[in-house]
Amino acid sequence: KAHMDSHVQATMSLQLAGTKRWRLSIMDRRRTPCLAMTYGDGDVYERESKWRPMFSVVLNAGEALFFPPGFVHETLNAENDE
């Protein structure tokens, strides 16, 4: 489920095996100064404005993805995604 990591740090993910699709977008404008727990698992699906990922990236074994804090993201198994 789409979420934003509560550690609010930059994230690097290394794909060790298989294939994974990452869908990412910058978080919506917020009303609170605190980022932690702003987007829990699946929260973006319940919001008034529909979540629209800005990026869709497929990682294969041996590839990595780096993204800064403030990105909502979800991952999907992309083994049979062709």
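None of the values given here were measured: they were computed from a predicted structure. (Residues numbered from 1 in each chain as written. Predicted model: local features only at pLDDT ≥ 70, side-chain atom pairs only at ≥ 80, totals over all residues. Heavy atoms only, no water.)

Enquirer: For this particular structure, what's the right way to read the nonpolar core?
Expert: Nonpolar side chains tend toward joint burial in soluble globular proteins. With 6 residues, the main nonpolar core is built from W22, L24, L59, L65, F67 and F71. Where this core is concerned, the elements lending two or more residues are β2 (19–26) and β4 (64–67). (Core = buried A, V, L, I, M, F, W, Y, C linked by side-chain atoms within 4.5 Å. Buried < 20%, exposed > 50% of the residue type's maximum accessible area, 1.4 Å probe, protein only. Helix = DSSP H or I, 4+ residues; strand = E, 2+ residues; numbered from the N terminus.)

Enquirer: How do you make sense of the packing of aromatic side chains when you look at a structure like this?
Expert: The relation between two aromatic rings is expressed through the spacing of the ring centres and the mutual angle of the planes. The final tally for this structure, using the stated rule, is 3 aromatic pairs. A connected cluster of aromatic rings, assembled from ring pairs, spans W22, F55, F67 and F71. (Phe/Tyr/Trp six-rings, centres within 6.5 Å; stacked < 30°, edge-to-face > 60°.)

Enquirer: Looking at this model, I keep getting lost on a nonpolar patch on the surface. Mind explaining?
Expert: A cluster of nonpolar side chains, I26, M54 and F55, forms an exposed patch at the surface whose accessible area comes to about 310 Å². Here I26 is to be found in strand β2. (Patch = residues over 30% accessible without salt bridge, like charges linked within 9 Å, V, L, I, M, F, W, Y side chains within 5 Å. Areas by Shrake-Rupley, 256 points an atom, 1.4 Å probe, with all protein chains shown as cover. Salt bridge = Lys/Arg side-chain N within 4 Å of Asp/Glu carboxyl O.)

Enquirer: Looking at this structure, I do not really get the sheet that holds β2. What am I missing?
Expert: Picture the strands of a sheet paired through backbone hydrogen bonds; they go either parallel or antiparallel. Ordered by their spatial adjacency, 3 strands build an open sheet running β3-β2-β5, and the pairing between neighbours is antiparallel. Sheet topology places β3 (55–60) and β5 (71–77) at the edges, where each strand pairs with a single neighbour. Taking the axes of each pair of neighbouring strands and ignoring which way they run, one obtains an average angle of 25 degrees across the sheet. Pairing analysis gives 6 bridges linking β2 to β3, with the strands arranged antiparallel. Along β3, the bridge assignment pairs L24 with F55. (Pairing = 2+ DSSP bridges. Axes fitted to C-alpha atoms, helices over the stretch in contact; angles between N-to-C directions.)

Enquirer: Please clarify how the side chain of S13 should be interpreted in this entry.
Expert: Checked against the element boundaries, S13 lands in strand β1 (residues 11–14). Setting aside residues up to four positions removed in sequence, S13 forms contacts with W22, L59, E63, A64 and L65. (Contact = heavy atoms within 4.5 Å.)

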